[in-house]
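Analysis of the macromolecular model
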Amino acid sequence: MQHQPEYMLGVDIGTTSTKAVLFTTQGQVVAQHAVEYPLLCTTPGMAEQDPLQIYAAVLSAIQNAVSSSKVAAGEIALVSFSAAMHSVIAVDQDGALLSNSITWADNRAGEWSNRIRDELDGHAIYLRTGTPIHPMSPLCKIMWLRHDQPQLFGRTARFVGMKEYVLYRLFGEWLVDHSIASATGMFNLQQLDWDQGALQMLGISPQQLSRLVPTTHYLSGLAPAMAQQLGLSSSTPFVIGANDGVLSNLGVNAIGPGQVAVTVGTSGAMRTVIDKPVTDPAGRTFCYALTAKHWVVGGPTNNGGSIFRWVRDELATAESAAAKEAGLDPYEALTKIAESVTAGAEGLLFHPYLAGERAPLWNADARGSYFGLAMHHGKPHMIRAALEGVIFSLYSILPAVEDLIGPTTHMMATGGFARSALWRQMMADIFEREVVVPESVESSCLGATVLGLYALGKIDSLDAIGGMVGATHQHLPIPENVALYRRLWPIYAAIPKQLEQQYRQLSQFQRETAVQVR
């Protein structure tokens, strides 16, 4: 009797690395491998990556995860993909690269983002496409390329994202799933097709974009030499999958009514799942596809774990060095320093907009600041305020989400920050909700494989994820901390609204006086 495949491989093409995780069909991790790559930031606002490096990283991650597992090629039931959103790569008619991958973090389309929003009926485009008008959006990036790099724009046969490029190299087809497409600002959520108004504004045709397919679409027939290199069978189905954000919700089992997933990695996001696409009249939230019956509404913050890294490298170098000498994790040492200060940092607030901000401000010109500094504040207050500022920033997304979908009751927290008991407790206190950390930290990869099982008809519902996700930490709000944060929140929320003009003036000054990084 033929042995049935028992394993599934999730591949997450992220901003800083590609990770491949091999699971059993019950969701248990068998093997994993990650390959990192750099972000190229040689001029102000630039954040690019080399597609060839990322393609090589995908192959290496798959190959090493499979080989280290000792699992036979025929036992792997599927490969399914997760990927970061908003990347743009220009290619010629032969598929050759004309540009690097311009990532979500690239801000060079800032001025065109403002013009689209203010002068070109950008809000109407948002209402049709669900992607806020912001430099992260491929819509704004392509507009910038058209006007600021016209020679490149004129030579480009097709604008694609990173996952599209990887699958083209593997299977020779230009395909984009509805989930990645719904994060481009060019995909009409109701028609499930490229938005004619957006494309007309950009001066491009649908033929210059990839063919749209559902997130459950899969390919097979991998070239034998490539299959052998990867340790897979030529017949192994490759499920196109979805974007990393929506798959993270699935991977932590936050797909039911009132359930919210909050993720803090380098950046952060809050997301909830509904059964049909919805956009915000005030333009504060995104709406991205998971499946035809699952749509993810929420908002991202630019500033998550990157803020803690900035604190470590710029404010606490001595403390970090001392921790390393003692064989301790610098982040754990800084957390202990932050814990020496009471909730609310004795009235010191930090707005973490070091990389501008997305939801709910959608203002690339926003800038970070400490507010309330007084003589009694010291470095421990500044460290704690920075960590609280990240959670306050996430909390500011909640009203917009609840305006659209109603009250939320249950929070699942994932990402690097979830390893910190202090940050988890801060989240419970600021949100005034129970916070649960799921057992599997590889939520996007797990979500991709569950979507893969669904795509291949091996499960009838995405609810099967419920049997694969346990809980490792649970935190309840501490009433006295909640009371302090409730007093500070209105002050925190009012400041960015008051400073919009100053943000724009200061960011313009910074651009004009910036010294090019060499």
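Scroll up for the structure.
Keep in mind that this is a model prediction, so the values were computed, not measured.

**With respect to the overall build of the chain**
- Check the secondary structure of the chain and you find 19 helices and 23 strands.
- The C-alpha atoms of the chain give 22 Å as radius of gyration, which agrees with the globular expectation for 518 residues (24 Å, within 12%).
- Principal-axis analysis of the C-alpha atoms gives the chain an extent of 70 × 55 × 45 Å.
- Considering only intrachain contacts with a sequence separation of at least 6, the fraction spanning at least 24 residues in the chain is 72%.

**As for the sheet that holds strand β18 (residues 294-301)**
- Reading across the sheet, the 7 strands line up as β17-β18-β16-β15-β21-β22-β23 and stay open at both edges, with mixed pairing between neighbours. Unpaired on one side and paired on the other, β17 (286-291) and β23 (471-475) mark the two borders of the sheet. The average angle at which neighbouring strand axes cross in this sheet is 25°, direction not considered.
- Alignment of strand β15 (residues 259-264) against strand β16 (residues 268-274), held across 5 bridges, turns out to be antiparallel. In the sheet register, threonine 263 faces β16, and the bridge partner there is alanine 269.

**Remarks on the packing of helix α18 (residues 479-498) against helix α19 (residues 500-513)**
- It is the contact of α18 with α19, at a shortest axis distance of 5 Å, that shows an interaxial angle of 60°. Judged by the angle between their axes, α18 and α19 are oblique. Two secondary-structure elements touch here, α18 through Pro496, Lys497 and Gln498 and α19 through Glu500, Gln502 and Tyr503.
- Of the residues contributing to the contact of α18 with α19, the split by class is 2 nonpolar, 2 polar and 2 charged.

**Describing the state of the cysteines**
- One pass over the full model with this rule turns up 0 disulfides.
- With no disulfide of its own, cysteine 41 lies closest to cysteine 140 among cysteine sulfurs, the gap being 19 Å.
- Given a relative accessible area of 36%, cysteine 41 falls into the partly exposed group.

**So, unusual backbone geometry**
- With an omega of -10°, the peptide bond running from alanine 359 to proline 360 counts as cis.
- Note that proline 360 resides in the loop between β19 (349-351) and β20 (369-371).
- Positioned with a positive phi, alanine 345 is a non-glycine residue whose angle comes to about 50°.
- The residue alanine 345 is located in the loop between α13 (330-339) and β19 in this model.
- Its identity as a non-glycine residue notwithstanding, glutamate 432 has a phi of 55°, on the positive side.
- Within the secondary structure layout, glutamate 432 lies in the loop between α16 (421-431) and β22 (435-438).

**Some points on helix α1 (residues 51-69)**
- In this model α1 runs 27 Å from its N-terminal to its C-terminal C-alpha over 19 residues, within 8% of the 27 Å that 1.5 Å per residue would give.
- Of all the positions in α1, only Pro51, Ile54, Tyr55, Ala57, Val58, Leu59, Ala61, Ile62, Ala65, Val66 and Ser69 are classed as buried.
- Its side-chain oxygen at 2.9 Å from the backbone nitrogen of leucine 52, aspartate 50 defines the N-terminal cap of α1.
- Positioned one or two residues after α1, lysine 70 has a phi angle of 65°, which is positive.

**With respect to helix α4 (residues 138-148)**
- Here α4 lies mainly inside the structure; 8 of its 11 residues are buried.
- Those residues of α4 hidden inside the fold are in contact with β7 (101-102), α2 (110-119), α3 (122-129), α5 (150-155), β8 (158-160) and α8 (196-202).

**Quick word on the environment of valine 435**
- Inspection of the secondary structure puts valine 435 in strand β22.
- Separated by 257 residues in sequence, valine 435 and histidine 178 have C-alpha atoms that sit 31 Å apart.
- Excluding anything up to four places from it in sequence, valine 435 contacts Met411, Ala413, Arg424, Met427, Ala428, His473, Gln474 and His475.

**Digging into the pairing of strand β14 (residues 238-243)**
- When you tally the buried positions in β14, you get 6 out of 6 residues, the bulk of the element.
- As judged from the 2 bridges shared by strand β13 (residues 218-219) and β14, these two strands associate in the antiparallel manner. Note on β14: the bridge partner recorded for tyrosine 218 is valine 239.

**A few points about the side chain of lysine 163**
- The residue lysine 163 is located in helix α6 (residues 162-171) in this model.
- Under the relative-accessibility criterion, lysine 163 is labelled buried at 5%.
- Here lysine 163 is in contact with Ile13, Phe81, Ala83, Asp177, Ile180, Ile240, Gly241 and Ala242, once residues within four sequence places are set aside.

Criteria and thresholds
Sequence order as written defines the numbering, with residues in each chain counted from 1. Only residues with pLDDT of 70 or above have their local features reported here, since the model is predicted, and side-chain atom pairs are shown and tallied only from 80 upward, although totals for entire chains, interfaces and linings are computed over all residues. Computation of side-chain values: all heavy atoms of the structure, hydrogens and water removed. Helix numbers and strand numbers start at the N terminus; a helix is a DSSP run of H or I with at least 4 residues, a strand a run of E with at least 2. Note that the radius of gyration is over C-alpha atoms, with the globule rule given as 2.2 Å times the number of residues to the power 0.38. Contacts between residues were defined by any pair of non-hydrogen atoms, one from each residue, lying within 4.5 Å. If DSSP finds at least two bridges between two strands, the strands pair. For helices, the axis comes from a line fit to the C-alpha atoms of the stretch in contact; other axes are also lines fit to C-alpha atoms, and the angle between any two N-to-C directions lies between 0 and 180 degrees. Angle categories: roughly parallel below 35 degrees, roughly antiparallel above 145, roughly perpendicular from 65 to 115, and oblique for all the rest. The residue classification treats Ala, Val, Leu, Ile, Met, Phe, Trp, Tyr, Cys and Pro as nonpolar and Asp, Glu, Lys and Arg as charged. All others, Gly included, are polar. Two cysteine sulfur atoms form a disulfide, by the criterion used here, when they sit within 2.5 Å. We call a residue buried when its accessible area falls under 20% of the maximum for its residue type, exposed when it is over 50%, and partly exposed in between, using a 1.4 Å probe and counting protein chains only. Multiplying one less than the number of residues by 1.5 Å gives the expected span of a helix. Under this definition, polar contacts are N or O atom pairs within 3.5 Å; protein pairs additionally need one hydrogen-donor-capable and one acceptor-capable atom, and for neighbouring residues in sequence, both atoms have to be side-chain atoms.

Without other data, these values stay purely geometric and don't point to any function.
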